[in-house]
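Descriptive structure summary
Here's the letter readout for the chains.
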Amino acid sequence: LATSEGLALMGLAEALLRVPDGATADRLIRDKLVAADWDGHRGHAGSRAINAATHGLSLARRLLEDQAVFGQLVSGLGSPVIRQAARTAIRLLARQFVMGRTIEEAVVRSRRAAGGTRYSYDMLGEAARHGEDAARYLARYHAAIAALAARPTDGAAADRPGISVKLSALHPRYEEAQRGRVWAELLPRVRGLALAARKADIGLTVDAEEAERLDVSLDLVEEISGDPELAGWDGFGLAVQAYQTRALAVVDHLVAMATRHRRRLAIRLVKGAYWDGEIKRAQERGLDRYPVFTRKAATDVSYLVCAERLLRAGPAIYPGFATHNAHTVAAILELAGERRDWEFQRLHGMGASLQGIVLAEGQGRVACRIYAPVGGHEDLLAYLVRRLLENGANASFVHRLGDPAIPVGRIIADPVARLRATPGGDHRIPLPTALYGSGRRNSQGVDLCHSPALHELGAAIATAWQTPIHAYPLTGDPAPARAGRQVCNPADRRRVVGTVVEATPADIAVALARTGQAAAAWDARGAAARAAILRRAADLLEAQRPALVALIIAEGGRILADALDELREAADFCRFYAGEAERLFAEPRRLDGPAGETNSYRLAGRGVIACISPWNFPLAIFLGQVTAALAAGNAVVAKPAEQTPLIAFAATHLLHDAGVPRDVLQMLPGDGSVGAALVADPRISSVAFTGSFAVAQAINRVLAARPGPIVPLIAETGGINAMIVDATALPEQVTADVLRSAFDSAGQRCSALRILYLQEEIADRVIAMIIGAMAELRLGDPAELATDIGPVIDAPARDKLLGYLAAQREAGRVLAQATMGQACLEGLFVPPILVEVDGIAAMAEEIFGPVLHVARWRGDRLDGVVDAVNAAGYGLTLGIHSRVEAMIRQIAARARVGNLYVNRNMIGAVVGVQPFGGEGLSGTGPKAGGPGLLRRFAVERVVSTNSAATGGSLGLLLLDEDGEP
């Protein structure tokens, strides 16, 4: 919970516990703040203010541990007492950390500041999610410039106020993948702001954001910096984050830019505010390294080196040093020497004591600018969380200064010496490739925001597309002479990707005979040998990435990012199951028992496994099934989906090249008749299937009717997946996660969001935001980086979806539909669509495509919503968006679902981290990529030996007098 929420909860809990008669809670909250000496700390460095707020949070947590109290809190959310308590808490925090609700209010308040103080105003708000968001933020920036222009100022440009702009607020698709739109739409907006700021003779600073946006930001700044209409204006600049490993290179680049354009750039040097997010993204994407330093000391050193370089740049750069760190301040004063054309910067509400000392001792030679947030209470929370948590982090100077247990000598220690004395240098956190420790290497990703890597991958993919693939049954026999059918690209049906010769009954017979003969020898090779082969397969997957990614795009219709993720998932399956095989199958396990006997337990392969995989993950699920069965010591006959045989053909060849004997793994392309023949054959010991529930039921009936042993079925069958959003959720985060969960891969994921439940208090706002964000989606060629949504898999899937959409439109339930352009005319595209329904009961079946249903719910009917989702019978994925921990626990305890996702999207389960699979109508379990799967592919065998029968218990006879062997 954020500090603001801690104070709010403190007031709410006390109001409920101490004033049940409904008296105002305002006085109680003020009393608590006075007791914490909040007002007394308002002008200090900020650490004790953070501690006071944290104390309130701790108190609230203790009070709310009582479930009865929590029940009162939830039931009373609409009462005047509760509203007053929350309003008071937020107002007090807003006054501490926000300059004003409007730019006019902020300007009036800033006039009371001490001499030598300047201001840079920041319009609070998160990134724009759609065009209307961006237009609103743009209007606010222009209004702020106009308000500052109306205020008379004297002196040089550096003395005047300025504004800070977030490019992500000015365009909903400010990202490398949408560079064309950034140049056509965002660049003119920023240029317009720059021209207005120049006319007003104030500063304009581009705020720093995530590392993945750095390249496009620098290119945009280059365009503005070189604009001839802005020549002679020294107010333009940007923020540079010292915690980025590229910080010094960025500084050098900007110095060269300013020199080249013969102008002065204003550079705000900050340490950085998104550190944990950068770490998480790099780990998730399997990058080679982190874009940020992982030790605070390394960031401090980087800051000082960048500061020295900026000061040395002369008139090309006007430096602003944003810091609350007294050690850094002292170092910069020393580095600056006699130079005076620079300034310190701090956040409004923090670092005031330090600033006061610097201004007093500088005697007019040092200036300070306050970074002053402006906005209403609705925009406060995200900013407040980021500011307080970064300054409250254990490594923060502000936090350490407020901790009396830390000696002053440690606080002011030289960061260079501290870093040199640290074992391992900057590597405090394992690199992304080592995320899972020494036992399993993380799959390797590609940074699609890094232009050189992107161009290299694009060129390799283009080369791979030059060679069509001819697939045929891989049974060990030569390629058959009979003709094959064409496999076409679903994004452009005119383009032939390759051909496939489908399996005949004779091919099926050969495959079953050969795998039946090879299974025992494969099992006998042992877990270590099988694991080594699977790890080689993972390495080959990454080595052949361009060709396989090209095939996933061309045959499966997946966009580039999804194709890369799928290849990574396939590699993760190989390495994960290799480790599981060694853990479970390597050696017999000795079981405890009485003296005079030994008991050993081991797992062994079942025999021949039929693996029947779907088209929506033609590489990852195909290899996930096959490698699990192989790891457990089984031979495999794999039947890929009829729509994607070429990918399966390439993947099977890859496993053979890695060392899987050809007789152990056979691949039979074809339609459902091939799978039916395999399921019915008595030589099949088990079936692994991913697909529809109806087909899984049919397979189960055939297996049950077979004479002989009972044959296990491992099935994953999709679901009508829901997300429940309450009134405390952040609408911007909900919108981003909903769009990805519902429309990624054209909605053709088993885990995709099908119905969104919105609490009625926020439903209209969130629906409007989703509709606006849908308008920003681009449908088209999945090979292009800018494409968000590709085609559906085939004509029958498209026609079924279009028929459903026509019925919903006729019924008047369609709220919005995305736009399809000319690029979609030759492909199998279905536009994302939003449909309003009363609830999940309105959905008779899973709609497997880019269709999102939305329903509203009342706050007092949460259990009814969960019960309705359960009653549908499926149990694959469920999403929750809420900031109320008890509500999350309540849903989690009641829901019958295999994978539950909280405050995030619902797709992209990671192997070994989020084992994936459902219950009820969604599958039999165990979960793919989980610790229980390989056991289902195995039989258990126990050997019990009575050693006493051959002369006595050797173990007992060898013990000494102390009971030691």
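Values in this document were obtained by computation on a predicted structure and should not be read as measured data.

In terms of helices and strands, the protein chain carries 36 helices and 26 strands. Counting over 965 residues, the protein chain shows a buried share of 55%. By sequence separation, contacts in the protein chain at least 24 residues apart represent 77% of the contacts at least 6 residues apart. Split by element, the accessible area of the protein chain, about 39100 Å² in all, is 54% carbon and sulfur.

With that settled, the discussion passes to the packing of helix 30 (residues 731–743) against helix 31 (residues 760–774). Orientation of helix 30 relative to helix 31, taken along the N-to-C sense of each, is 55°, at an axis distance of 9 Å. By the angle between their axes, helix 30 is oblique relative to helix 31. Our pair here, helix 30 against helix 31, has a crossing hand that is right-handed. The residues of helix 31 that touch helix 30, namely those facing Pro731, Glu732, Val734, Thr735, Val738, Leu739 and Phe743, are Arg765, Val766, Met769, Ile770, Ala773 and Met774. The class makeup of the residues in the contact of helix 30 with helix 31 is 10 nonpolar, 1 polar and 2 charged.

Here the focus is empty space enclosed by the protein. Regions of empty space are outlined by a rolling probe, equal in size to a water molecule, passed over the atoms. Scanning the entire structure with this criterion turns up 4 cavities of 30 Å³ or more. Estimated volume of the largest cavity: approximately 190 Å³.

In this section: the packing of helix 33 (residues 862–871) against helix 34 (residues 885–894). Taken N-terminus to C-terminus, the directions of helix 33 and helix 34 make an angle of 30°; their axes are 10 Å apart at the nearest point. Judged by the inter-axis angle, helix 33 sits roughly parallel to helix 34. For helix 33 against helix 34, the interelement crossing comes out right-handed. Contacts from Leu862, Asp863, Val866, Asp867 and Asn870 in helix 33 reach Met887, Gln890, Ile891 and Arg894 in helix 34. Classifying every residue of the contact of helix 33 with helix 34 gives 4 nonpolar, 2 polar and 3 charged.

A word on unusual backbone geometry. Omega for the bond connecting Gly925 with Pro926 falls within 30 degrees of zero, at -10°, which places this linkage in the cis form. Within the secondary structure, Pro926 sits in the loop between strand 25 (899–902) and helix 35 (933–936). The phi angle at Asp201 is positive, at roughly 60°, despite the residue not being glycine. Looking at the secondary structure, you find Asp201 in the loop between helix 10 (179–200) and strand 3 (203–206). By relative accessible area, which is 28% here, Asp201 ends up partly exposed. At Ser745, a residue that is not glycine, the phi angle is positive and equals roughly 60°.

One open sheet accounts for 5 strands, arranged 16-15-14-17-18; its pairing is parallel. Edge positions in the open sheet fall to strand 16 (665–667) and strand 18 (713–716), since each of these has one partner strand only. Neighbour-to-neighbour, the strand axes of this sheet turn through a mean angle of 15°, independent of strand direction. Where strand 14 (residues 608–612) lies against strand 15 (residues 635–639), 5 bridges are found, and the strand directions are parallel. By the bridge assignment, Ile612 is partnered in strand 15 with Lys639.

Spatially, 3 strands are ordered 12-13-26 in an open sheet, and the strand pairing comes out antiparallel. Edge positions in the open sheet fall to strand 12 (589–591) and strand 26 (938–946), since each of these has one partner strand only. Here the average twist between neighbouring strands, direction ignored, is 30°. In the sheet, strand 13 (residues 597–605) pairs with strand 26 via 9 bridges, with the strands oriented antiparallel. Within strand 26, the residue paired with Ala604 across the bridge is Val939.

With that out of the way, let us pick up helix 16 (residues 352–362). Residues of helix 16 that are buried: Leu354, Gln355, Val358, Leu359 and Gly362. Buried residues along helix 16 cover an arc of 130° about the axis, so they all sit on one side. Every exposed residue of helix 16 that faces more than 90 degrees away from the buried side is listed here: Ala360 and Glu361. Check the buried side of helix 16 and you find it contacts strand 1 (117–123), helix 15 (326–336), strand 7 (343–347) and strand 8 (368–374). Of the residues flanking the end of helix 16, it is Gly364, one or two places downstream, whose phi is positive at about 85°.

We now examine the packing of aromatic side chains. Scanning the model with the defined rule gives 8 aromatic pairs in all. Taking the centre distance of 6.3 Å and the plane angle of 40° together, the rings of Trp233 and Phe236 count as tilted. Accessibility classification places Trp233 together with Phe236 in one group, the buried group. With a centroid separation of 5.6 Å and an interplanar angle of 10°, the aromatic rings of Phe573 and Tyr577 are classed as stacked. Remark: Tyr577 and Phe573 occur in helix 25 (residues 560–585); sequence separation between them is 4 residues, near one turn of the helix. Of the residues examined, Phe573 reaches a relative accessible area of 5% and is grouped as buried. Under the relative-accessibility criterion, Tyr577 is labelled buried at 0%. In this structure an aromatic cluster arises from ring pairing among Phe321, Trp342 and Phe344.

Where burial is concerned, most of strand 1 is hidden: 7 out of the 7 residues are buried. Both faces of strand 1 are covered, namely the face carrying Thr117, Tyr119, Tyr121 and Met123 and the face carrying Arg118, Ser120 and Asp122. Direction of pairing for strand 1 relative to strand 8: parallel, over a ladder of 7 bridges. By the bridge assignment for strand 8, Asp122 is matched with Pro373. Direction of pairing for strand 1 relative to strand 2 (residues 162–165): parallel, over a ladder of 3 bridges.

Counting residues in hydrophobic clusters, the biggest one holds 99 residues, and the most contacted among them are Leu541, Leu560, Tyr577, Leu619, Val626, Val687 and Phe937. Broken down by element, this core gets its largest block of residues, 14 residues, from helix 25. Dropping the residues within four chain positions of it, Leu619 is found in contact with Leu541, Ile552, Glu566, Leu567, Ala570, Ile647 and Ala651.

What counts and how
- Residues numbered from 1 in each chain as written.
- Predicted model: local features only at pLDDT ≥ 70, side-chain atom pairs only at ≥ 80, totals over all residues.
- Heavy atoms only, no water.
- Helix = DSSP H or I, 4+ residues; strand = E, 2+ residues; numbered from the N terminus.
- Buried < 20%, exposed > 50% of the residue type's maximum accessible area, 1.4 Å probe, protein only.
- Contact = heavy atoms within 4.5 Å.
- Areas by Shrake-Rupley, 256 points an atom, 1.4 Å probe, with all protein chains shown as cover.
- Axes fitted to C-alpha atoms, helices over the stretch in contact; angles between N-to-C directions.
- Parallel < 35°, antiparallel > 145°, perpendicular 65-115°, else oblique.
- Left-handed = near helix turned anticlockwise from the far one by under 90°.
- Nonpolar A, V, L, I, M, F, W, Y, C, P; charged D, E, K, R; others polar.
- 1 Å grid on protein atoms, 1.4 Å probe; cavity = no way out; pocket = protein on both sides within 12 Å on 5 of 7 lines; lining within 4 Å.
- Points joined across faces, edges and corners; volume = space filled by probe spheres on them.
- Pairing = 2+ DSSP bridges.
- Arc of directions from axis to C-beta.
- Phe/Tyr/Trp six-rings, centres within 6.5 Å; stacked < 30°, edge-to-face > 60°.
- Core = buried A, V, L, I, M, F, W, Y, C linked by side-chain atoms within 4.5 Å.

The values reported here are purely geometric and, on their own, carry no functional implication.
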